[in-house]
Amino acid sequence: MKQSTFFRSIILLIFTITFSVTSKAQVYTGNLTLASQADVNAFSYSEVTGQLLISGASIADLSPLSSLSSVGGDLEISSNLDLNNLNGLSSLSSVGGDLIVFNNSSLTTLDGVSSLSSVGGSVTITSNSSLSNLDGLSLLTSVGESITLLSNPAITNLDGLSLLTSVGEDISITSNSSLSNLDGLAALTSVGGDFFIVNNTVLTEYCGL
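Residues numbered from 1 in each chain as written. Predicted model: local features only at pLDDT ≥ 70, side-chain atom pairs only at ≥ 80, totals over all residues. Heavy atoms only, no water.

Participant: Before we go on, may I ask you to explain the sheet that holds strand β9 (residues 118-119) in this structure?
Facilitator: Hydrogen bonds along the backbone pair up the strands of a sheet, which may run parallel or antiparallel. Strand order in the open sheet formed by 8 strands is β1-β3-β5-β7-β9-β11-β13-β15, and the pairing between neighbours is parallel. Single-partner strands in this sheet number two, and they are β1 (26-28) and β15 (190-191). As judged from the 2 bridges shared by strand β3 (residues 45-48) and strand β5 (residues 70-71), these two strands associate in the parallel manner. Its bridge partner lying in β5, E47 is registered against S70. (Pairing = 2+ DSSP bridges. Helix = DSSP H or I, 4+ residues; strand = E, 2+ residues; numbered from the N terminus.)

Participant: What's the story with the confidence of the model for the chain in this structure? I'm lost.
Facilitator: The predicted coordinates ought not to be read in detail in places where the model reports low pLDDT. Chain-level pLDDT for the chain is 90 on average; 88% of the residues reach the 70-or-more range. The model gives residues 11-23 a pLDDT under 50, and that stretch makes 1 contact with residues more than four places away or in other chains. (pLDDT = per-residue confidence, 0-100. Contact = heavy atoms within 4.5 Å.)

Participant: How should the sheet that holds strand β12 (residues 147-150) be read in this particular structure?
Facilitator: Taken together, 8 strands build an open sheet; the order of strands is β2-β4-β6-β8-β10-β12-β14-β16 and the sheet is parallel. Every interior strand has two partners, whereas the edge strands, β2 (32-34) and β16 (195-198), have only one. For this sheet, the mean angle separating the axes of adjacent strands, direction not counted, is 5 degrees. Where strand β6 (residues 75-78) meets strand β8 (residues 99-102), 4 bridges bridge the pair, whose relative direction is parallel. Residue pairing across strands places I77 opposite V101, the latter belonging to β8. (Axes fitted to C-alpha atoms, helices over the stretch in contact; angles between N-to-C directions.)

Right, dumping it as structure tokens:
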């Protein structure tokens, strides 16, 4: 009798551990929007098959997203006025669609996505007034479509793109008023479309290319 109880206890323990691990590694099928810090706190997925939109005035901490390893569609992080880093996205390795970082006025760094190596669509970094560099993109080697860097007045260099070798379509670097050099693009060997460098007021030479 005692032996039977013991084995039942072992089986229950194994089931509990298995259920716990499985519940922390769920796949969300479809598009998902996180519009508040409460939404972020409730996140429990390892993968989102569609678009993941992170946009909400109360969002300041992405650490509950630490289980996320891939997004099948677009990943958009926009209009999060109190968000100053992306540290919760440290497990993210691939984005199948576009990576969009737009209008996050307190965001100072992209270091939180430092495991990201693949973007199937475009990379758009726009109107992030406090963003000083792109170092969080240091593992990115290729972008399937285009790269747009627009109106990020605190960015001084592109060193975070130092492993980037190919871009499938256009590159547009426009109105980044503190950008002083393009040295971070030294590894770039292939651009499938046009290359625009426009109105970067302190950029005086293109030796990085």
